[in-house]
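These are the residues of each chain, in order.
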Amino acid sequence: ILFVVVAALGYVAYLQTGREEANPLDTVTPLFPGVEVRRVTAIRLEDIEASSHMRMERDASGRWYLTDPMAWPVAPGLVQKLEQIIRSNQGAAVPKALVADARASFEPPRAFMETEERLESGEVRRVRIEIGDTDLDGMRVYVRRDGEIFRTLRNIETIFTLSLKDYRAKNVFT
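To start, this report covers the structure provided alongside it. Here the residue numbers are simple positions, counted from 1 along each chain's written sequence. A pLDDT threshold of at least 70 governs which residues receive local features in this predicted model, and a stricter bar of 80 or more applies before side-chain atom pairs are shown or counted, although totals over entire chains, interfaces and linings include all residues. Note that the side-chain values use all heavy atoms of the structure and ignore hydrogens as well as water.

1. Overview of the side chain of Arg-151
Here comes step 1: When you line up the elements, Arg-151 lands in strand E10 (residues 148-153).
Here comes step 2: What qualifies as a polar contact is a pair of N or O atoms within 3.5 Å, subject to a donor-acceptor requirement within protein and to the restriction that residues adjacent in sequence count only when both atoms come from side chains. A polar contact is formed between the side chain of Arg-151 and the side chain of Asp-135, at a distance of 2.6 Å.
Here comes step 3: By the convention used here, residues are in contact when the closest approach between their heavy atoms is within 4.5 Å. Apart from residues no more than four positions distant in its own chain, Arg-151 is found in contact with Gln-90, Gly-91, Ala-92, Ala-93, Val-94, Pro-95, Asp-135, Arg-140, Val-141 and Tyr-142. The secondary structure listing takes helices from DSSP runs of H or I that are at least 4 residues long and strands from runs of E that are at least 2 residues long, numbered from the N terminus.

2. Some remarks on unusual backbone geometry
Here comes step 1: Cis geometry is found at the peptide bond from Asp-68 to Pro-69, where omega equals 10 degrees.
Here comes step 2: Of note, Pro-69 is situated in the loop between strand E4 (64-68) and strand E5 (72-73).
Here comes step 3: The backbone of Ser-51 shows a phi angle near 55 degrees, a positive value even though the residue is not glycine.
Here comes step 4: With respect to the secondary-structure elements, Ser-51 resides in the loop between strand E2 (40-47) and strand E3 (52-58).
Here comes step 5: Think of it in three bands: residues with accessible area under 20% of the maximum for their type are buried, residues over 50% are exposed, and the middle band is partly exposed, with areas taken using a 1.4 Å probe on protein chains only. Under the relative-accessibility criterion, Ser-51 is labelled exposed at 67%.
Here comes step 6: A positive phi is found at Asp-146, a non-glycine position, where the angle reads about 55 degrees.
Here comes step 7: Topologically, Asp-146 is positioned in the loop between strand E9 (140-145) and E10.
Here comes step 8: Judged by relative accessible area, which is 71%, Asp-146 ranks as exposed.

Right, dumping it as structure tokens:
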């Protein structure tokens with residue numbers, strides 16, 4: 001009897017695995033595919049709704065500095081948050097029923113984040129993520145990369161709620 005129960009559970013698990021592989025909604029992809037944080041040389045943030053922008057660049061020693069609209073060291077904690085987003089945010093496919101709403105939320109996009117990465121060949125590669133509206137569940141936000149629309153965590157949205165003053169380092173001396 002125990003053998004029959006284990007075999008039945010194994011068969012059910014096998015069927016479930018097949019369904020999960022066939023369901024495209026379960027597929028996730030890195031939001032910044034192939035981007036390695038150690039090679040990122042610049043990050044640009046633009047909040048279109050608030051008409052604000054900033055660009056930060058990494059110098060040869062590895063320290064981050066605001067370069068636009070002003071020159072100032074960047075708060076280390078905020079750099080870590082941006083690196084965390086680049087490293088770990090995933091984009092999930094949008095259900096077919098929500099694709100029209102998702103597309104409409106990018107007319108125009110609310111904001112965007114762009115990374116510049118210097119590859120070993122010396123070439124500069126840019127990855128741009130546009131931010132749309134929040135999803136119906138309120139836990140995710142629509143994002144667009146290379147024309148494809150995904151849903152991701154709202155932590156990418158919260159970086160645009162900070163002002164330029166919040167990004168500036170508070171240290172008197174470096």
